[in-house]
Amino acid sequence: MTDQIYNVLFLCTGNSARSILGESILNHEGKGRFRAYSAGSHPKGEVNPHAIKELEALGYPSTGFSSKNWDVFAEPGAPQMDFIFTVCDSAAGEACPVWLGYPMTAHWGVEDPAAVVGTDIEVQRAFAQAARFLKNRIGAFLSLPLSSIDKLALEQKLKQIGQMEGSTSSQEKSA
């Protein structure tokens, strides 16, 4: 058993919804084993209030989050990441900074709840669904035997997690 705390970065374009949900959920569920962060390629500058509302409804931490550029995590002195997960398709397709330590990466695309237009109930339902999909993926990630699995097998498992229910990647394949 290892005492290592793994650093995980959730990336999205705007860093206002999905990546914030992932950061909060993993920090809570993986406490003591993982430290999660989030960032975006083109941050909105503020966290979506519906994301905060959903985190509160689920009992997850909902304060202290900020919408920030992913360059913050590529600068000297930034925490070295062990894992980086893109949670939106556009961020997955962008040229990322060079990450120190060559972390494991995977795409865990989830529909953008912030893009939903409709009533407050419809928008909050979209946030609840995104949070559920991310929570399920994070649960699968937490169950992986990180200290005893080889890199190639781990890489494959991370990609499989990205194909779980709600994957935008699987939606594109079936369309």
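Placed above this text is the structure.
The rules we used
Residues numbered from 1 in each chain as written. Predicted model: local features only at pLDDT ≥ 70, side-chain atom pairs only at ≥ 80, totals over all residues. Heavy atoms only, no water. Pairing = 2+ DSSP bridges. Helix = DSSP H or I, 4+ residues; strand = E, 2+ residues; numbered from the N terminus. Axes fitted to C-alpha atoms, helices over the stretch in contact; angles between N-to-C directions. Salt bridge = Lys/Arg side-chain N within 4 Å of Asp/Glu carboxyl O. Buried < 20%, exposed > 50% of the residue type's maximum accessible area, 1.4 Å probe, protein only. Core = buried A, V, L, I, M, F, W, Y, C linked by side-chain atoms within 4.5 Å. Contact = heavy atoms within 4.5 Å. Polar contact = N/O pair within 3.5 Å; in protein donor to acceptor, adjacent residues only side chain to side chain.

A. Structural context of the sheet that holds strand β3 (residues 83-86). Strand order in the open sheet formed by 4 strands is β2-β1-β3-β4, with parallel pairing between adjacent strands. Either end of the sheet is taken by a strand with one partner, and the two such strands are β2 (34-40) and β4 (104-107). Ignoring strand direction, the axes of neighbouring strands in this sheet form an average angle of 20°. Looking at chain direction, strand β1 (residues 6-12) and β2 are connected through 7 bridges and run parallel. Bridge pairing links Val8 to Ala36 in β2.

B. Structural detail: the pattern of salt bridges. As enumerated under the stated definition, the model contains 2 salt bridges in all. Note that Arg18 is salt-bridged to Asp112, the shortest N-O span being 3.7 Å. Of this pair, Arg18 sits in helix α1 (residues 18-29) while Asp112 sits in the loop between β4 and α4 (120-142), and the two are 94 residues apart along the sequence. Judged by its relative accessible area of 29%, Asp112 is partly exposed. Residue Glu165 is joined to Arg132 by a salt bridge in which the shortest nitrogen-to-oxygen separation is 3.3 Å. Taken together, the positions of Glu165 in the loop between α5 (151-162) and α6 (168-174) and Arg132 in helix α4 put the pair 33 residues apart, joining distant regions of the chain. The class for Glu165 is exposed, based on a relative accessible area of 51%.

C. Broad picture of unusual backbone geometry. Phi at Asn15 is positive, roughly 50°, even though this residue is not glycine. By secondary structure assignment, the location of Asn15 is in the loop between β1 and α1.

D. Region of the structure containing the nonpolar core. Counting 40 residues, the largest nonpolar core has Phe10, Leu26, Phe83, Phe85, Trp108, Phe141 and Leu158 as its most contacted members. Broken down by secondary-structure element, the contributors of at least two residues to this core are β1, α1, β2, α2 (49-58), β3, β4, α4 and α5. Here the element with the most residues in this core is α4; it accounts for 9 residues. Those residues in contact with Phe10, other than ones at most four positions away along the chain, are Ser19, Gly22, Glu23, Leu26, Ala36, Tyr37, Ser38, Ala39, Phe85, Val87, Trp108 and Ile138. Leu11, Tyr37, Met81 and Ile84 belong to the second-largest nonpolar core, a separate cluster that totals 8 residues.

E. Examining the environment of Ser16 more closely. Within the secondary structure, Ser16 is located in the loop between β1 and α1. With relative accessibility at 9%, the residue Ser16 sits in the buried group. For Ser16 and Ala114, which are 98 residues apart along the polypeptide, the C-alpha to C-alpha distance reads 8.2 Å. Leave out the neighbours within four places in its chain, and Ser16 touches Lys44, Glu46, Val47, Asn48 and Ala51.

F. Layout of the environment of Tyr60. Among the structural elements, Tyr60 can be located in the loop between α2 and β3. Classification of Tyr60 by relative accessible area gives buried; the value is 6%. The spatial distance from the C-alpha of Tyr60 to the C-alpha of Ser24 is 6.4 Å, given a sequence separation of 36 residues. Excluding residues within four positions of it along the chain, Tyr60 makes contact with Ser24, Ile25, His28, Glu29, Leu55 and Lys135. Within the structure, Tyr60 has its side chain in polar contact with the side chain of Glu29 (distance 2.7 Å).

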